[in-house]
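In case you want the letters, here they are:
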Amino acid sequence: MALSSCPKCGNHTFEMAEAEPKNWRFKIMFVQCKSCGTVVGSMDYFNLSTLIHELEEKVDTVMHKLEDLEYEITHKK
Ligand SMILES: [Zn+2]
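This section reports on the structure supplied with the text. Remember, it's a predicted structure, so these values are computed and weren't measured experimentally.

**Focus: the overall build of the chain**
Next up, step 1: In terms of helices and strands, the chain carries one helix and three strands.
Next up, step 2: In sequence order, the secondary structure elements of the chain are arranged as β-β-β-α.
Next up, step 3: The C-alpha radius of gyration computed for the chain amounts to 23 Å, which surpasses the reference 11 Å derived for 77 residues by more than 25%, pointing to a less compact arrangement than a globule.
Next up, step 4: Once the C-alpha set of the chain is aligned to its principal axes, its extents read approximately 75 × 40 × 10 Å.
Next up, step 5: In the chain, once contacts between residues fewer than 6 apart in sequence are set aside, the share between residues at least 24 apart is 26%.

Right under this line is the structure:
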């Protein structure tokens, strides 16, 4: 696999940096060259797959509670 390199200085290591661009109300993450800071990419501040996984767990909890309630209602006499 080819080694990723900075288009400005040729460095091969990168880092994530928090950014708050003007005229934008959300934080974002820059992927930047660790040596000269040239931005080579950007990502959402929050990791979407982590958020989706957390939501999935919450939905599962709610589903179980609903099933319990349904059981109680249908078996209550
Ligand atoms: Zn660089």
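On we go from here.
**Things to note about the sheet that holds strand β1 (residues 14-19)**
By way of backbone hydrogen bonds, the strands of a sheet pair with one another, either parallel or antiparallel.
Next up, step 1: Here we have three strands laid out as an open sheet, ordered β1-β2-β3, and antiparallel in their pairing. Looking along the sheet, the strands with just one partner apiece sit at the ends: β1 and β3 (39-44). In this sheet, adjacent strand axes meet at a mean angle of 30 degrees when their direction is disregarded.
Next up, step 2: Summarising the sheet, strand β2 (residues 28-33) and β3 pair through five bridges and their orientation is antiparallel. Paired with Met29 across the strands is Met43, a residue of β3.

About the thresholds
Residues numbered from 1 in each chain as written. Predicted model: local features only at pLDDT ≥ 70, side-chain atom pairs only at ≥ 80, totals over all residues. Helix = DSSP H or I, 4+ residues; strand = E, 2+ residues; numbered from the N terminus. Rg over C-alpha atoms; globule rule 2.2 N^0.38 Å. Contact = placed C-beta atoms within 7 Å. Pairing = 2+ DSSP bridges. Axes fitted to C-alpha atoms, helices over the stretch in contact; angles between N-to-C directions.

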